[in-house]
Amino acid sequence: MPFPLTSNYKIIYSRKVRLAVIDHITSMPSVVIPVKQLTEICREQGVDRVFIDAAHSIGNIDIDLQAIGADFYTSNLHKWFFCPPSVAFLYAKKSASADAHHLVVTHEYGKGLAVESSWVGNRDYSAQLVIPTIFEFLKQFDGGLEEIKRFNHEKVVAMGKMLAEAWGTGLGTSPE
C-alpha cells in the first residue's frame, strides 16, 4: 500500500485474483481501509472471493457485515472486548461457505462450515463461554462500547499528533 495515503483507489491493483485478503485496519501504520469500496472494486474486477482480516476492527469502529459485502470477515474479541486470546469469530456468506471446510476434518465433514467448525475434537471451548458475560461487562462503562471506541480513537489521534509534531512529520492519513 502506498503511504502516505492520498487515494483509496491506490490500495488495489487491477488483475485477475481468486481471493483478495484485505485488512480492515492495518496494524502499522494504523489506517482504516475502505473495505466496502474495495469489496465493490473486487466484484467489478471479477475477484472470486473477498476475505476481510479485521483483527483490529471490532471494538474500534462500527462494522456492518451486510453493507461491506465480503465473503468472509474475521476478528478477534480479545483486543477490545477483553476476552481470552483464543476468542474470535469468522463470518462467512452462505454462498461462500458452501465450498469452504474447516481444516480439522471430523465426522461433521460435508455438513457446512458452521457445523464442521462447531466441534473439532479435544479443544477447550471454555474461553468462548465468556462472550455473553463480556457484553454485560461492557454495559458497565458509561456509554458502553460506543464510548470506549470514541475514547480510544480520541487518544490515538492525540498521540499520533503528538508524535508527528515531535518527529517533524505528519499523520499520513486523515484522523477520521
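Here goes a summary of the coordinates provided. Note that residues are indexed from 1 along each chain, following the sequence as it is written. Local features in this predicted model are restricted to residues whose pLDDT is 70 or higher, and side-chain atom pairs enter the listing and the counts only when it is 80 or higher, whereas totals over whole chains, interfaces and linings include all residues. Where side-chain values are given, they derive from all heavy atoms of the structure, hydrogens and water being excluded.

Regarding the nonpolar core
Then, number 1: Formed by 16 residues in total, the largest nonpolar core has its most connected members in I22 and I52.
Then, number 2: Elements are defined by DSSP. Helices are runs of H or I of four residues or more, strands are runs of E of two residues or more, and each kind is numbered from the N terminus. When residues of this core are traced back to their parent elements, those giving at least two are β1 (19-23), α1 (35-44) and β2 (49-53).
Then, number 3: When residues in this core are grouped by element, the largest group, four residues, is from α1.
Then, number 4: In this structure, F81, C83, V87 and I134 belong to the second largest nonpolar core, which totals nine residues. To define a nonpolar core, start from buried Ala, Val, Leu, Ile, Met, Phe, Trp, Tyr and Cys residues and group those joined through side-chain atoms within 4.5 Å. Exposed residues in this analysis have more than 50% of their type's maximum accessible area, buried residues have under 20%, and partly exposed residues fall in between, with area computed by a 1.4 Å probe over protein chains only.

Remarks on unusual backbone geometry
Then, number 1: Although it is not a glycine, F82 adopts a positive phi angle of roughly 60°.
Then, number 2: The residue F82 is located in the loop between β3 (72-76) and β4 (88-92) in this model.

Points about the environment of D99
Then, number 1: With respect to the helices and strands, D99 occurs in the loop between α3 (94-97) and α4 (113-118).
Then, number 2: Whenever a nitrogen or oxygen atom comes within 3.5 Å of another N or O atom, the pair is scored as a polar contact, on the condition that within protein one atom can donate a hydrogen and the other can accept it, and that pairs from neighbouring residues in sequence are kept only if both atoms are in side chains. For D99, the side chain forms a polar contact with the side chain of R49, separated by 3.4 Å.

Thoughts on the sheet that holds β1
Pairing between the strands of a sheet is mediated by backbone hydrogen bonds and can be parallel or antiparallel.
Then, number 1: The strand order across the open sheet formed by four strands is β1-β2-β3-β4, and the pairing between neighbours is mixed. Both outer strands of the open sheet, β1 and β4, are each paired with one neighbouring strand and no more. Looking at each pair of strands side by side, their axes are set apart by 15° on average, direction ignored.
Then, number 2: Here α1 sits on the sheet and contacts β1 and β2; the angle it forms with β2, its principal contact strand, is near 160°. Paired strands, in this sense, are two strands between which DSSP finds at least two bridges. Axis geometry follows a simple rule: fit a line to the C-alpha atoms, using only the stretch in contact for helices, then measure angles between N-to-C directions, giving values from 0 to 180 degrees. Residue contacts follow a heavy-atom distance rule, with two residues in contact if any of their heavy atoms lie within 4.5 Å.

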